[in-house]
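# Coordinate inspection notes
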Amino acid sequence: MDPDGSSKKVVVSNSHADSISTILSALAANAFLTVIKFIAFFLTRSPAIFSESIHSAVDTMNQALLFFGFKLGTTSRPSSSYHWGTHQIQYLFNFVSAIVIFFVGCLLPLYVSVNALLNPQPYSFTWHDKVGIGILLFAMAIEAIPFIKAVKTIRADNHKGGFLGYIASGRNMTIIAIFLEDLIAILGVGIAVVGQYLAYQYKSTAPDAISGILISVMLGVVSGFLLLNNSKFLLGQSLPEDEVEKIKGFIESMPEVERVTRIGTEMLNVDRIYLSLEVEFHGSMLVDQDQLKQDAERIKDGESAIAVLYDSNERMVRIIGSTINEIERRIRKEYPKIHSIDLEIN
């Protein structure tokens with residue numbers, strides 16, 4: 001049962017199915033990449049490749065967290081303990097995922113890379129390094145598969161606005177996290193290969209260590225972005241102001257509504273919005289003129305005025321109730337993602 005007393009099934013949308021498919025694709029790819037990157041690291045002992053190996057291991061763990069968080073958040077139902085459901089749990093999982101990226105994906109490789117930079121060693125290019133670079137180039141091709149899928153999912157979900165605008169909006173933080181992680185993974189592999197090449201050119205491990213530092217810093221920036229944006233949802237982020245104004249304008253265009261005196265929104269998750277508002281009604285729109293005339297005739301005919309007024313007041317309550325239900329129905333029809341509405345009369 002939903003809070004309004006109605007029973008609804010959880011409907012899996014195309015956007016939801018695409019998101020699940022994208023997460024699982026990234027999870028499978030990164031699990032495989034973790035293995036082959038660690039093989040490359042044991043062959044080369046490269047700090048940059050170590051950063052990339054840790055990166056893929058962290059991504060695998062994170063995408064498992066993102067999957068369970070997204071699954072729980074998008075299929076949540078109201079309960080006696082959580083009347084609006086636990087839709088925001090996916091942002092909690094995303095938040096934990098960002099913390100893991102920062103501490104394990106950023107700080108640990110950063111420590112190893114800085115240590116390597118402070119203690120550079122002579123570099124000799126052996127067959128191990130050739131195999132390691134070959135594995136990295138192969139990894140870059142594999143990284144591109146979930147990255148392209150994430151791009152397609154964002155484009156399918158982004159009906160208006162630019163690509164960067166979608167990322168900045170935080171509309172679907174789970175898919176944005178996968179996109180950014182895969183983007184950094186591709187860039188990271190490229191940086192690691194360049195670091196290996198420069199190490200060979202200068203016969204020193206210092207360029208390779210610098211590559212590891214760059215990869216770690218990029219992961220730190222991504223984790224900061226994810227922490228900031230997921231915290232907004234956990235704290236009850238509202239819809240953008242222009243969207244709130246559109247909803248307000250739509251409600252005030254209804255003939256029964258004189259004006260909206262207060263309106264507030266909260267994003268429960270990407271597809272569910274909570275709307276709270278106070279409205280003033282046009283009194284004349286709520287009065288049944290014909291019924292009032294009949295009430296007046298009943299009093300003229302000698303019927304008890306108190307009894308007639310009681311019936312009239314009871315009828316007014318029913319009219320207000322049915323008017324509120326009709327307004328909520330129109331709102332949900334126009335904005336299907338508004339899941340719960342708290343409408344009060346001012």
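The present account deals with the structure reproduced in this document. Since this is a predicted model, take the numbers as computed values, not measurements.

## Topic: the overall build of the protein
Each helix and strand counted, the protein has 10 helices and 3 strands in total. Compactness check: the protein gives a C-alpha radius of gyration of 29 Å against a globular reference of 20 Å for 346 residues, more than 25% above the reference. Across its three principal directions, the C-alpha atoms of the protein cover 110 × 30 × 30 Å. Carbon and sulfur atoms make up 64% of the accessible area of the protein, which amounts to about 17,200 Å² in all.

## Here's the deal with helix 9 (residues 289-300)
Under the 1.5 Å per step criterion, the end-to-end length of helix 9 is 17 Å for 12 residues, consistent within 8% with the ideal 16 Å. Looking at the residues trailing helix 9, positive phi occurs at G302, about 100°.

## Regarding the packing of helix 3 (residues 89-118) against helix 6 (residues 173-202)
Contact geometry for helix 3 and helix 6: axes closest at 10 Å, N-to-C directions at 20°. Taken together, helix 3 and helix 6 sit at an angle that is classed as roughly parallel. The two elements helix 3 and helix 6 cross, and the hand of that crossing is left-handed. Contacts between helix 3 and helix 6 involve Q90, Y91, N94, S97 and I101 from the first element and M173, T174 and E181 from the second. Of the residues in the contact of helix 3 with helix 6, the class split is 3 nonpolar, 4 polar and 1 charged.

## Topic: the packing of aromatic side chains
A full pass over the atoms with the stated rule returns 8 aromatic pairs. Geometrically, the ring pair formed by F41 and F42 is tilted, given 5.5 Å between the ring centres and 50° between the ring planes. Their ring planes at 85° and their centres at 5.2 Å tell us that F102 and F103 sit as a pair that is edge-to-face. Here the aromatic residues F38, F41, F42 and F50 are joined through ring pairs into a cluster of three or more. Residue placement shows R45 over the ring face of F41; its charged tip is 5.7 Å from the ring centre.

## A word on the side chain of E328
Tracing the backbone shows E328 in helix 10 (residues 305-334). Using a relative accessible area of 13% as the deciding quantity, one classes E328 as buried. Once you skip the residues sitting within four places of it in the chain, E328 turns out to touch I341 and L343.

## A look at the pairing of strand 2 (residues 272-281)
Burial analysis of strand 2 places 9 of its 10 residues in the buried class, the great majority of the element. Two elements, strand 1 (residues 257-269) and strand 2, share 10 bridges in a ladder whose sense is antiparallel. What sits directly across from R262, in strand 2, is E278. Note that strand 2 and strand 3 (residues 338-345) share 7 bridges and pair parallel. Considered in strand 3, the bridge of L277 is made with L343.

## Let's talk about the sheet that holds strand 1
Either a parallel or an antiparallel arrangement is found when strands of a sheet pair, and the pairing is made through backbone hydrogen bonds. The mixed open sheet is built from 3 strands, whose spatial order is 1-2-3. Of all the strands in the sheet, the pair left with one neighbour each is strand 1 and strand 3. Going from strand to strand, the sheet's axes swing by 15° on average, the running direction of each strand aside. Across the face of the sheet, helix 8 (residues 241-252) comes into contact with strand 1, strand 2 and strand 3 while running at roughly 140° to strand 1. The sheet strands contacting helix 10 are strand 1, strand 2 and strand 3, and the helix crosses strand 3 at an angle near 145°.

## As for the nonpolar core
If you look at the biggest cluster of nonpolar residues, it comprises 69 residues, and the most contacted ones within it are F179, L226, I251, L275, V279 and I331. Examining the composition of this core, we find that 11 residues originate from one element, helix 6, more than from any other. In this structure, V279 is in contact with I251, V257, R259, V260, T261, L343, E344, I345 and N346, ignoring residues within four places of it in sequence.

## As for unusual backbone geometry
Even without glycine at this site, R45 takes up a positive phi of about 60°. Examined against the element boundaries, R45 turns out to sit in the loop between helix 1 (14-44) and helix 2 (47-74). The phi dihedral of K203 falls on the positive side, at around 55°, and the residue is not glycine. Relative to the helices and strands, K203 is located in the loop between helix 6 and helix 7 (206-234).

The rules behind the values
Residues numbered from 1 in each chain as written. Predicted model: local features only at pLDDT ≥ 70, side-chain atom pairs only at ≥ 80, totals over all residues. Heavy atoms only, no water. Helix = DSSP H or I, 4+ residues; strand = E, 2+ residues; numbered from the N terminus. Rg over C-alpha atoms; globule rule 2.2 N^0.38 Å. Areas by Shrake-Rupley, 256 points an atom, 1.4 Å probe, with all protein chains shown as cover. Expected span 1.5 Å × (residues − 1). Axes fitted to C-alpha atoms, helices over the stretch in contact; angles between N-to-C directions. Parallel < 35°, antiparallel > 145°, perpendicular 65-115°, else oblique. Left-handed = near helix turned anticlockwise from the far one by under 90°. Contact = heavy atoms within 4.5 Å. Nonpolar A, V, L, I, M, F, W, Y, C, P; charged D, E, K, R; others polar. Phe/Tyr/Trp six-rings, centres within 6.5 Å; stacked < 30°, edge-to-face > 60°. Lys NZ or Arg CZ within 6 Å of the ring centre and 35° of its normal. Buried < 20%, exposed > 50% of the residue type's maximum accessible area, 1.4 Å probe, protein only. Pairing = 2+ DSSP bridges. Core = buried A, V, L, I, M, F, W, Y, C linked by side-chain atoms within 4.5 Å.

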